[in-house]
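# Coordinates in review
As a plain string of letters, each chain reads:
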Amino acid sequence: LLDATASAARPRSGSLVPQDLSNTAWAFAVFCIPNTPLRASISAASIATISQFNPQNLANTAWSFDVLECRDVPLLHAISAQAIRTLRSADGGSGGADGEDGDEEKKNDGEGGARRIWVVAEVMLAAKEADLELRGLLDER
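On a predicted model such as this, the values are computed, not experimentally measured, just so you know.

### Considerations on the overall build of the protein
Regarding its fold elements, the protein presents 7 helices and 0 strands. When the helices and strands of the protein are placed in sequence order, the string is α-α-α-α-α-α-α. Burial analysis of the protein (141 residues in total) assigns 38% to the buried set. Restricting the contact set of the protein to residue pairs at least 6 apart, pairs at least 24 apart contribute 71%.

This is the structure:
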């Protein structure tokens, strides 16, 4: 049933919003179903829309690929770059995945601090994944 679901979802992955992409990746990871073609579709669609991902979408996607030990370096780089942009935005820069404009009231409402912690954790995860990939490439030499 899950393979049939994955086959049906693959052609639609390009039209999914970030939450749909991250939730689909998460659901297959929870059941330990790697489904490489679906993961490739989710990865491509995620990279294309990464600027629309919020910290939760970034976290779910990174975790989903990590738990199944799927080393998708382009996706990890995209997640890391977006996490850094989101972190900078949360620290008072302009713009961001959630449209935050750096307004002092928004930065001091407690939400910004929690988001910064979440984004830092995601950056660390993406860095760990990139490091593992680099080590694997070096080991192949």
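Alright, that's what it looks like, and here's the rest.
### A word on helix 4 (residues 55-67)
Compared with an ideal rise of 1.5 Å per residue, which puts 13 residues at 18 Å, helix 4 spans 18 Å between its outermost C-alpha atoms and is within 8% of the ideal. Pro55, Asn57, Leu58, Ala59, Asn60, Thr61, Ala62, Ser64, Phe65 and Asp66 are the residues of helix 4 that are buried. Where helix 4 begins, the side chain of Asn54 points an oxygen toward the backbone nitrogen of Gln56, at a separation of 2.9 Å. At the C-terminal side of helix 4, Glu69 shows a positive phi close to 55°.

### A short note on the packing of helix 2 (residues 18-30) against helix 4
Interaxial distance between helix 2 and helix 4 falls to 8 Å at its minimum, and their mutual angle equals 30°. In terms of orientation, helix 2 and helix 4 fall into the roughly parallel class. Crossing geometry of helix 2 relative to helix 4 is assigned as left-handed. Facing helix 2, whose interface residues are Pro18, Gln19, Ser22, Asn23, Ala25, Trp26, Ala29 and Val30, helix 4 presents Asn57, Asn60, Thr61, Trp63, Ser64, Phe65 and Val67.

### What about the pattern of salt bridges?
Counted under the stated rule, the structure contains 1 salt bridge. Asp66 is the partner of Arg71 in a salt bridge, and the nearest nitrogen-oxygen pair spans 3.6 Å. Accessibility expressed as a relative area gives 18% for Asp66, which makes it buried.

### Observations regarding unusual backbone geometry
What you tend to see is this: most non-glycine residues have negative phi, and most peptide bonds are trans. Positive phi, close to 55°, is recorded for Cys32, a residue that is not glycine. Judged by relative accessible area, which is 56%, Cys32 ranks as exposed. Positive phi, normally seen in glycine, also occurs at Glu69, with a value near 55°. Its location among the elements puts Glu69 in the loop between helix 4 and helix 5 (73-90). Residue classification places Glu69 among the exposed positions, given a relative accessible area of 60%.

Calculation criteria
- Within each chain, residues carry numbers counting from 1 in the order of the written sequence.
- Per-residue local features are limited, in this predicted model, to residues with pLDDT of at least 70; the limit for side-chain atom pairs, both in listing and counting, is 80 or more; totals at the level of whole chains, interfaces and linings are taken over all residues.
- Processing note: side-chain calculations cover all non-hydrogen atoms of the structure and skip hydrogens and water entirely.
- Put simply, DSSP H or I for four residues or longer makes a helix, DSSP E for two residues or longer makes a strand, and each gets a number counted from the N terminus.
- Burial status follows relative accessibility: with a 1.4 Å probe on protein chains alone, a residue under 20% of its type maximum counts as buried, one over 50% as exposed, and anything between as partly exposed.
- We call two residues in contact whenever any of their non-hydrogen atoms come within 4.5 Å of each other.
- Given the number of residues in a helix, its expected span is that number minus one, multiplied by 1.5 Å.
- Identification of polar contacts relies on pairs of N or O atoms within 3.5 Å, with a donor-acceptor requirement for protein atoms, meaning one able to donate a hydrogen and the other able to accept it, and with residues adjacent in sequence counted only if both atoms are side-chain atoms.
- Only C-alpha atoms enter the line fits that serve as axes; for helices the fit covers just the stretch in contact. Angles between N-to-C directions range over 0 to 180 degrees.
- An angle counts as roughly parallel when it lies under 35 degrees, as roughly antiparallel when it exceeds 145, as roughly perpendicular when it falls between 65 and 115, and as oblique in every other case.
- A crossing counts as left-handed when the near helix is turned anticlockwise from the far one by less than a right angle, and as right-handed when that turn is clockwise.
- By salt bridge we mean one thing: a side-chain nitrogen of Lys or Arg within 4 Å of a carboxyl oxygen of Asp or Glu.

Structural measurements only, silent on function.
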